[in-house]
Amino acid sequence: MTDPVRIAITGAAGQICYSMLFRIASGGMFGPKQPVALQLLEITPAMGVLEAVKMELDDCAFPLLSEVICTDDPKTALTNIDAALFVGAKPRGPGMERSDLLKDNGKIFSSLGKIMNEVANPDVKVCVVGNPANTNAYILKANAPNINPRNITALTRLDHNRAMSQLAGKVDCSVTDIEKMIIWGNHSTTQVPDISHCLVSGKAAPSLVDESWAQEDFIPTVAKRGAAVIAARGSSSAASAGNAVVDHMASWVNGTAEGDWTSMSVPSDGSYGIQEGLIYSYPVVCKNGDYEIVQGLEVSDFIAGKMKESEKELLEEAEAVKEMT
Ligand code: NAX
């Protein structure tokens, strides 16, 4: 029997996890033959709800689910793990400034980073989901020097999937016909969804749509999709976010399709002139459980300008939390 992959998941009693955990336990993330053990972390007041989630996981009798640990102790959750999904975060309350949100979440992520540094496997694969996801990952990385920094990533796959769906709707094709979508930058409204290199059934996407659509409709629609879901649903995207985390990890572990890539927020190595160390979304090719930033893509002045704006936002966020990094 293969040993289970041990996965720490924070915010496990929340909305995103309520759809995501069942997908992971049924083999959607690590494959249909790989057992999984879940180490679920919550804050103490949410432990009752977390127990109910565990009851439902038990009641599914998933053949691949070898163990479920529910805890409010980060050390227990982060010990001996192969993967960590940081979903839990403090939401922005009424009247709260963005800088306060950054600081409150910074405290959570600096403390979790220090604990992960002590007890996790140094090659643990990390995906940060809780917002502000890129800067939370940046803080986590700074506080966990024993962990391979390349493995500390943040989620922009939801933005990538949203972009795929918008383009498919526009040109009336299946998402499976589209290759080489890109999300550059921060998971925020400054993100840069970019179809410049997209192929639709092998044809260059920019030749199939007006430039004005790509710049004035597609980019803001994708970048503001989260707000549109909140306006319609009264709460933020949950099932689609959980699905994107499953996709992010599955691509990283199993690889991207031959000739294609995906978007992941990863520590910048200076590629495309972005400051080294920032957690920035790039096109990446995944292979053999690792990823490489796609190099040498031509970037138009329009896209380059927007990439710089998103970098500027990340630099400002980094400055706001500098005492924690
Ligand atoms: P919920 O409020 O439903 O769940 C969050 C859970 O985290 C709660 O159960 C809470 O008790 C727990 N939590 C808070 N602090 C914790 C801590 N220190 N340790 C462990 N658990 C803690 O939110 P949900 O809808 O699940 O969203 C979770 C996060 O994902 C939010 O920050 C949200 O903004 C973010 N999102 C990120 C997305 C992305 O693409 N990167 C998209 C969806 C979502 O907006």
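Overview of the structure.

Cut-offs used in this document
Residues numbered from 1 in each chain as written. Predicted model: local features only at pLDDT ≥ 70, side-chain atom pairs only at ≥ 80, totals over all residues. Heavy atoms only, no water. Near = heavy atom within 4 Å. Polar contact = N/O pair within 3.5 Å; in protein donor to acceptor, adjacent residues only side chain to side chain. Nonpolar A, V, L, I, M, F, W, Y, C, P; charged D, E, K, R; others polar. Domains from an automatic or database assignment. 1 Å grid on protein atoms, 1.4 Å probe; cavity = no way out; pocket = protein on both sides within 12 Å on 5 of 7 lines; lining within 4 Å. Points joined across faces, edges and corners; volume = space filled by probe spheres on them. Helix = DSSP H or I, 4+ residues; strand = E, 2+ residues; numbered from the N terminus. Buried < 20%, exposed > 50% of the residue type's maximum accessible area, 1.4 Å probe, protein only. Pairing = 2+ DSSP bridges. Right-handed = clockwise from strand over helix to strand, strands pointing away. Core = buried A, V, L, I, M, F, W, Y, C linked by side-chain atoms within 4.5 Å. Contact = heavy atoms within 4.5 Å. Salt bridge = Lys/Arg side-chain N within 4 Å of Asp/Glu carboxyl O.

The next point concerns the site of the ligand. Residues in contact with the ligand amount to 21 residues; listed here are only the nearest, Q15, I16, E42, V129 and N131. A distance of 2.5 Å separates an oxygen atom of the ligand from a polar atom in the side chain of E42. Between the ligand and V129, the relevant distance is 3.3 Å, taken from a nitrogen atom to a main-chain nitrogen or oxygen of the residue. Here the shell around the ligand is built from residues that sort into eleven nonpolar, nine polar and one charged. Taken domain by domain, the makeup of the shell around the ligand includes at least three residues from each of domain 1 (5-154) and domain 2 (157-320).

Inspection of the entire model under this criterion finds one cavity of 30 Å³ or more. Its boundaries defined by the atoms lining it, the largest cavity holds a volume of some 40 Å³. Around the largest cavity, the lining residues are N134, T135, Y138, L278, I279, L314 and A318. Residue assignment for the lining of the largest cavity shows that the elements contributing at least two residues are α5 (133-142) and α10 (301-320). The biggest single contributor to the lining of the largest cavity is α5, with three residues.

Let us now look at the pairing of strand β5 (residues 125-128). Of the two faces of β5, the one carrying K125 and C127 and the one carrying V126 and V128 are both buried. In the sheet, strand β4 (residues 83-86) pairs with β5 via four bridges, with the strands oriented parallel. In the sheet register, L85 faces β5, and the bridge partner there is C127. In this region the chain leaves β4, passes through helix α4 (residues 98-119) and returns to the parallel neighbour β5; the handedness of that crossover is right-handed. You can see the chain leave β5, run along α5 and come back into strand β6 (residues 152-154), and the turn it takes is right-handed.

On to the nonpolar core, then. Membership of the largest hydrophobic core comes to 58 residues, with the highest contact counts inside it found for I7, I9, L40, L57 and L85. In terms of residue count, the dominant contributor to this core is helix α1 (residues 15-25) (seven residues). Residues lining this core come from more than one domain, with at least three contributed by each of domain 1 (5-154) and domain 2 (157-320). What L57 contacts, discounting residues up to four positions off in sequence, is L21, F22, A25, L38, L40, F62, L65 and V68. Counting residues in each nonpolar core, the second largest holds 29 residues, with V128, A137, A320 and M324 among its members.

With antiparallel pairing, the three strands of this open sheet are ordered in space as β7-β10-β11. Whereas interior strands pair on both sides, the edge strands pair on one side only; in this sheet they are β7 (178-179) and β11 (203-204). Where β7 lies against strand β10 (residues 199-200), two bridges are found, and the strand directions are antiparallel. Across the sheet, residue I178 finds its bridge partner in β10, namely V200.

On to the pattern of salt bridges. One pass over the structure, following the stated rule, counts ten salt bridges. Taking the shortest distance from any N to any O, the salt bridge between D58 and K54 comes out at 3.1 Å. Of the two residues, D58 and K54 both sit in helix α2 (residues 47-59), four residues apart, roughly one turn of that helix. Residue classification places D58 among the partly exposed residues on the basis of a relative accessible area of 43%.

Right, let's talk about the layout of surface pockets for a bit. Empty space among the atoms becomes apparent when a probe as large as a water molecule is rolled across them. One number sums up the size of the largest pocket: a volume of about 1600 Å³. In this structure, the largest pocket is lined by 47 residues; those nearest its centre are A89, P91, G130, N131 and S236. Put simply, the parts of the chain that give the lining of the largest pocket at least two residues each are α1, α4, α6 (157-171) and α8 (225-233). The element that contributes the greatest number of residues to the lining of the largest pocket is α4, accounting for six residues. For the lining of the largest pocket, the per-class residue count stands at 20 nonpolar, 17 polar and ten charged.

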